[in-house]
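Examination of the molecular architecture
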Amino acid sequence: MTAEWGVLAVAALVFVYALFGKRLSDSILTGPMLFLFAGWGFHSLGLIELGHGAHGLYILAEISLVVLLFADAAAIDPSRLWRGASIPARMLIFGLPLAILFGFLAGAGLLPNWPLWELALVAAILAPTDAALSQPIITDPRIPERIGRSLSAESGLNDGFALPFVLFFGCFAVGGVHNEVQVPWWVFVGQQVGLGALIGGVIGYAGGWLLRLAQDRGLTSDRFGGIAVLALAGIAYLAAQGGRGNGFLAAFVAGLAFGEVLRGRSRFVFEFIETEGQILTVLSFFVIGAVLLPEGLPHVTWPMVALVLTSLFVLRPIAIWLSLAGARIGTKEKLFFGWFGPRGLATALFALLVLDAFDLLTMRDEILAVAAIAVLLSAVLHGLTAAPAAKLFEKDAERAETPSDDTLTDT
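Each value, and the rule that gives it
- Residues numbered from 1 in each chain as written.
- Predicted model: local features only at pLDDT ≥ 70, side-chain atom pairs only at ≥ 80, totals over all residues.
- Heavy atoms only, no water.
- Helix = DSSP H or I, 4+ residues; strand = E, 2+ residues; numbered from the N terminus.
- Buried < 20%, exposed > 50% of the residue type's maximum accessible area, 1.4 Å probe, protein only.
- Contact = heavy atoms within 4.5 Å.
- Areas by Shrake-Rupley, 256 points an atom, 1.4 Å probe, with all protein chains shown as cover.
- Core = buried A, V, L, I, M, F, W, Y, C linked by side-chain atoms within 4.5 Å.
- Polar contact = N/O pair within 3.5 Å; in protein donor to acceptor, adjacent residues only side chain to side chain.
- Lys, Arg positive; Asp, Glu negative; His and termini not counted.
- Salt bridge = Lys/Arg side-chain N within 4 Å of Asp/Glu carboxyl O.
- Axes fitted to C-alpha atoms, helices over the stretch in contact; angles between N-to-C directions.
- Parallel < 35°, antiparallel > 145°, perpendicular 65-115°, else oblique.
- Left-handed = near helix turned anticlockwise from the far one by under 90°.
- Nonpolar A, V, L, I, M, F, W, Y, C, P; charged D, E, K, R; others polar.
- pLDDT = per-residue confidence, 0-100.
- Expected span 1.5 Å × (residues − 1).
- Bend = angle between axes of the 7 residues up to and from the residue.
- Phe/Tyr/Trp six-rings, centres within 6.5 Å; stacked < 30°, edge-to-face > 60°.
- Lys NZ or Arg CZ within 6 Å of the ring centre and 35° of its normal.
- Patch = residues over 30% accessible without salt bridge, like charges linked within 9 Å, V, L, I, M, F, W, Y side chains within 5 Å.

Quick word on the overall build of the protein chain
Secondary structure summary: the protein chain contains 18 helices and 0 strands in total. The buried share of the protein chain, taken over its 411 residues, is 54%. Across the protein chain, contacts joining residues at least 24 apart in sequence account for 86% of those joining residues at least 6 apart. Looking at the protein chain as shown, the accessible area adds up to about 17800 Å², and 66% of this sits on carbon and sulfur atoms.

Notes on the nonpolar core
Within the largest apolar cluster, 130 residues are counted, with the highest numbers of intra-cluster contacts made by Trp114, Ile137, Phe336, Phe337 and Phe350. Among the elements that make up this core, the one with the highest residue count is helix H18 (residues 364-391) (14 residues). The residues touching tryptophan 114, leaving out its near neighbours within four places in the chain, are Leu119, Val122, Met304, Met363, Glu366, Ile367 and Val370.

Re the side chain of serine 323
By secondary structure assignment, the location of serine 323 is in helix H15 (residues 302-323). On the accessibility criterion, serine 323 (2% relative accessible area) is buried. A polar contact is formed between the side chain of serine 323 and the backbone oxygen of isoleucine 320, at a distance of 2.8 Å. Aside from chain neighbours lying at most four places away, what touches serine 323 is Arg90, Met91, Phe94 and Gly95.

Some remarks on the side chain of lysine 334
By secondary structure assignment, the location of lysine 334 is in helix H16 (residues 331-339). Although buried, lysine 334 forms no salt bridge, and the nearest oppositely charged side chain, glutamate 333, lies 8.6 Å from it. Apart from residues no more than four positions distant in its own chain, lysine 334 is found in contact with Ile320, Trp321, Leu324, Ala325 and Ile329.

Thoughts on the packing of helix H8 (residues 145-173) against helix H17 (residues 345-357)
As a packed pair, H8 and H17 sit with axes 11 Å apart at the nearest point and diverge in direction by 30°. If you check the angle between H8 and H17, you find them roughly parallel. Between H8 and H17 lies a crossing of right-handed hand. Contact residues: Asp159, Ala162, Leu163 and Val166 in H8; Ala346, Phe350, Leu353 and Val354 in H17. The residue inventory of the contact of H8 with H17, partitioned by class, reads 7 nonpolar, no polar and 1 charged.

Here's the deal with the confidence of the model for the protein chain
Chain-level statistics for the protein chain give a pLDDT mean of 81 and a share of 83% at 70 or above. Here residues 177-181 scores under 50 on pLDDT; set against residues more than four positions off or in separate chains, the count is 6 contacts. Contacts of residues 407-411 to residues separated by more than four positions or lying in other chains number 25 contacts, the stretch itself having pLDDT below 50.

Examining the pattern of salt bridges
As enumerated under the stated definition, the model contains 1 salt bridge in all. Between glutamate 154 and arginine 316 there is a salt bridge, with the nearest N and O atoms lying 2.9 Å from each other. Highlighted residues: glutamate 154 in helix H8 and arginine 316 in helix H15, separated in sequence by 162 residues. For the pair formed by glutamate 154 and arginine 316, the shared burial category is buried.

A look at H15
For an α-helix, 3.6 residues make a turn, and residues three or four places apart therefore share a direction. Counted at 1.5 Å a residue, the expected span for H15 with its 22 residues is 32 Å, and the 30 Å between its end C-alpha atoms agrees. Its maximal kink placed at serine 311, H15 deviates by approximately 50°. Restricting attention to buried positions, one finds in H15 the residues Met304, Val305, Leu307, Val308, Ser311, Leu312, Leu315, Arg316, Pro317, Ala319, Ile320 and Ser323. Contacts made by the buried residues of H15 are with helix H5 (87-110), helix H6 (116-126), H8, H16 and H18.

With respect to the environment of alanine 61
For alanine 61, the position within the fold is in helix H4 (residues 50-74). On a C-alpha basis, the gap between alanine 61 and leucine 283 in space is 7.8 Å, while along the polypeptide they are 222 residues apart. If near-sequence neighbours (up to four positions away) are discounted, alanine 61 is found in contact with Ser284, Val287 and Leu349.

Describing the packing of aromatic side chains
Pairs of aromatic rings are described using the distance from one ring centre to the other and the angle between the two planes. Across all of its chains, the model carries 14 aromatic pairs by this definition. Ring centres of phenylalanine 336 and phenylalanine 337 lie 6.5 Å apart, and the angle between their planes is 70°; on these two criteria the pair is classed as edge-to-face. Its relative accessible area of 5% is what places phenylalanine 336 among the buried residues. Among the aromatic residues, those joined into a ring-pair cluster are Trp117, Phe165, Phe168, Phe169 and Phe172. One residue, lysine 334, lies across the ring of tryptophan 321, its end atom 5.1 Å from the ring centre.

As for H6
Of all 11 residues in H6, 9 are buried, a share of seventy percent or more. Looking at the buried residues of H6, the elements they touch are H5, H8, H15, H17 and H18.

Side note on a nonpolar patch on the surface
A grouping of Leu309, Phe313, Val314, Ile318, Trp321, Leu322 and Leu335 is seen on the molecular surface, where their side chains present a nonpolar patch of about 600 Å² in accessible area. It is H15 that contributes the most residues to the nonpolar patch, 6 residues altogether. By secondary structure assignment, the location of leucine 322 is in helix H15.

Topic: the environment of glutamate 118
With respect to the helices and strands, the residue glutamate 118 is situated in helix H6. A residue is classified by how much of its surface remains accessible, and glutamate 118, at 2% relative accessible area, is buried. When sequence neighbours within four positions are dropped, the list of residues in contact with glutamate 118 reads Ala173, Leu361, Thr362, Met363 and Ile367. Here methionine 363 takes part through its backbone nitrogen, which lies 3.0 Å from a polar atom of the side chain of glutamate 118.

Take a look at the structure:
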């Protein structure tokens, strides 16, 4: 009966969250934080058994990542990404690779016994930020709209941008033995990245074109848009997996192509992210608390904690500062962008992804431990600092905001 009581408790928790959602959104205890600690607590109380339930929970988290990658990408206008003056574009194109590079260098110093490619893999896992954990600061009325929208755009896209790095480094990490047991590593990389992107692009474009055609002929409406998002995300993922490409990358590229075809008429994607997407997000954090934290935290060492804290307090802030050199924003804004890059869903699920996809990694438990402590520390530290940081912009909130290219979202 334990499993049934566990499911009942989770359902009750979701209902309570719905009852107090607005009040929670105004506090430091966000939905993702609540479900993260709830999952950890449920496991500690024995309501969630890792032995029998972990695989099912992982599937739920995998589905969530696929759908959110597609939806976040579909909500973005990629044509604005290449405009050099765009703040999110700078953080994605320059800040993300710099954060990965700095993370690798810091890891080499703090974890000298690790294989170099696995250090690079951990750096890539620690780089992407989480849009759900950023919501309290993004939606705070004291934060200037341009800053909130820029953070939202960066957080929505950087998991998709970090994914190829994760795949490349994972392939290189097992390349020496991969050649002996499967196919040459470079063939594997080409299949994962090349085929994944190609299959995703074709499916996303075709799906968007068909949906647009159906809308033009009055065969459907925005009410059914969420169904299209779920279905196409699943089709892209499964088709890529069947074709030996990477399903997660396929879902992200499919979302980009889908959103581009429906540019100007994809408001339903934003509504999906705010409704069904939010449910998937909080349940994914429950999975992280119930699976990742109990499995990872026992293997945490002080050098790992030092790496995570360095990543949060030093490496991302420096990478973002350098990426914004020449941008017409002040020191306060640069520091703000650098600090508010909480690690959450992408960091946790990328760690689970690579452990599932690359079973020949030598530091499996340690990679899980780094991801676990990163999500835990980030959830607490960024949650506690959200309100004080927003107060710094209280006076700026009174100024009128004018449209600019500093956002990538399609409004």
